[in-house]
Amino acid sequence: MIKRTLAFTLAVSLLVLSGCGGAKPATTPSPSSGGQAQTQPSGSTEPKKNMKLVLYAGMMEDHVKGAVAEFEAATGIKVEWVRMSSGETLTRIRAEKDNPQASVWYGGPADAYVAAAAEGLLEPYVSPNAEKVPAQFKDPNGYWTGVYVGLLGFGYNTALMQEKGLTPPESWEDLLKPEFKGQIALANPGSSGTSYTMLATIAQLMGEDEGIEYMAKLHEQIAQYPKSGTAPGQMAGRGEVLIGISFAHDIVKYAKEGMPLDVTFPKEGTGYEIGGIALIKGGPDQEAAKIFIDWALTKEAQELGQKYGSYQSLTNVEATNPPEAFSLSEVKTINYDLEWAGTNRTRLVEKWSKAVNMQ
């Protein structure tokens, strides 16, 4: 079993870098103003008065709010933002294709960016700061660049697991055990990049047809499909379910906030996200958008995540990972085919929806 207690995690410094029974989908939010300006990171640009920017963000709300405040303080550019799951963002950018309302897509699994690029929704932009990001974490044609990496895991309620005398899941097959029936939360792959990462992982690990059969069996174990991929971890932490399938860094965040949570990874291998950033084609305020992308790829901006409760591995080779981060080198992963996952997203989600009667 690949498992690490989060208490132990807090003491470890990682130096390597290497998203039915009762489906209850949850409305399109409005842009929010940026928060109070705070410290100014090094390497910032000159203040740009009278410039503004609208971005769609897929990271934790705390992280987005903090990052925007820091960016505004560093540049003087006013930012409005909307936090949405990857599937929601993709749907919104499609709907706004003829009249884009935002210019930057910030965070969330890059396979959704691959799908957006294939549909002509993104504008290539190679930031000068992208040279600090290894090739495996960015699009070769400049449609998106990775800002962090996150591993898919099983978050479980330590108190309930002990109270019931159960063993935490160590494999994908373990999730099908009778004792976990109705005790698992998984976001809807149609709205959640986290959950789509799991669907694409299973399809690549088991083969597409067998993978869909597995997802149909898992469906019988699911208590609820929330909209966001961060919700299953919270549900497990609150004791609403035993297990929440989510990205490990989200489980770490909730554990550090006091929830009785720990995380395991499937021994067959797990999938991972490359959290991206991209320029939306035809969006307003393109100059301000490029300044934001340049800033987000800096060492200083990436290292801000842990200040706001985000504990992913970072893509800038000069950035230092949070001590709590899980890296690709310490967990068994599949050879996740991001391009396949992105180009087959719509078809695979439709196939899953049909298999679990979610249409």
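In this text the structure is predicted, and so the values were computed from the model without any measurement.

A. Spotlight on helix H9 (residues 248–256). For H9, the buried fraction is high: eight of the nine residues fall into the buried class. At the exit of H9 stands glycine 258, carrying a positive phi of roughly 110°.

B. Structural context of unusual backbone geometry. A positive phi angle is found at aspartate 285, which is not glycine, with a value near 55°. In this structure, aspartate 285 sits in the loop between strand E12 (272–280) and helix H10 (286–296).

C. Spatial organisation of the confidence of the model for the protein. Mean pLDDT over the protein stands at 88; residues scoring 70 or higher make up 86%. For residues 7–44, every residue scores under 50 in pLDDT, and the model assigns this stretch 94 contacts once sequence neighbours within four places are set aside.

D. Spotlight on the side chain of serine 127. Position of serine 127 among the secondary structure elements: in the loop between strand E6 (122–123) and strand E7 (145–157). Taking the relative accessible area as the measure of exposure, serine 127 reaches 3% and is therefore buried. One polar contact links serine 127 to aspartate 294, side chain to side chain, over a distance of 2.7 Å. Setting aside its immediate chain neighbours within four residues, serine 127 contacts Ile293, Asp294 and Leu297.

E. Quick peek at the pattern of salt bridges. Scanning the model with the defined rule gives 16 salt bridges in all. With a closest N to O distance of 3.6 Å, lysine 52 and aspartate 285 form a salt bridge. Of this pair, lysine 52 sits in strand E3 (residues 52–57) while aspartate 285 sits in the loop between E12 and H10, and the two are 233 residues apart along the sequence. Using a relative accessible area of 27% as the deciding quantity, one classes aspartate 285 as partly exposed. A salt bridge links glutamate 70 to lysine 307; the nearest nitrogen and oxygen atoms lie 2.8 Å apart. Highlighted residues: glutamate 70 in helix H2 (residues 61–75) and lysine 307 in the loop between helix H11 (299–303) and strand E13 (313–314), separated in sequence by 237 residues. Three or more residues are tied together by salt bridges with common partners; here these are Glu208, Asp209, Arg347 and Lys351.

F. A look at the environment of leucine 152. With respect to the helices, strands and loops of the structure, leucine 152 is situated in strand E7. Considering only alpha carbons, one finds leucine 152 and proline 266, 114 residues apart in sequence, at a separation of 9.0 Å.

G. The arrangement of the packing of helix H7 (residues 208–219) against helix H13 (residues 345–355) in detail. Between H7 and H13, whose axes approach to 9 Å, the crossing angle comes to 45°. The orientation of H7 relative to H13 falls into the category oblique. Remark: the crossing between H7 and H13 carries right-handed chirality. Judged by residue contacts, Glu208, Asp209, Ile212, Met215 and Ala216 of H7 engage Arg347, Leu348, Lys351, Trp352 and Ala355 from H13.

Scoring rules and cut-offs
- Residues numbered from 1 in each chain as written.
- Predicted model: local features only at pLDDT ≥ 70, side-chain atom pairs only at ≥ 80, totals over all residues.
- Heavy atoms only, no water.
- Buried < 20%, exposed > 50% of the residue type's maximum accessible area, 1.4 Å probe, protein only.
- Helix = DSSP H or I, 4+ residues; strand = E, 2+ residues; numbered from the N terminus.
- pLDDT = per-residue confidence, 0-100.
- Contact = heavy atoms within 4.5 Å.
- Polar contact = N/O pair within 3.5 Å; in protein donor to acceptor, adjacent residues only side chain to side chain.
- Salt bridge = Lys/Arg side-chain N within 4 Å of Asp/Glu carboxyl O.
- Axes fitted to C-alpha atoms, helices over the stretch in contact; angles between N-to-C directions.
- Parallel < 35°, antiparallel > 145°, perpendicular 65-115°, else oblique.
- Left-handed = near helix turned anticlockwise from the far one by under 90°.

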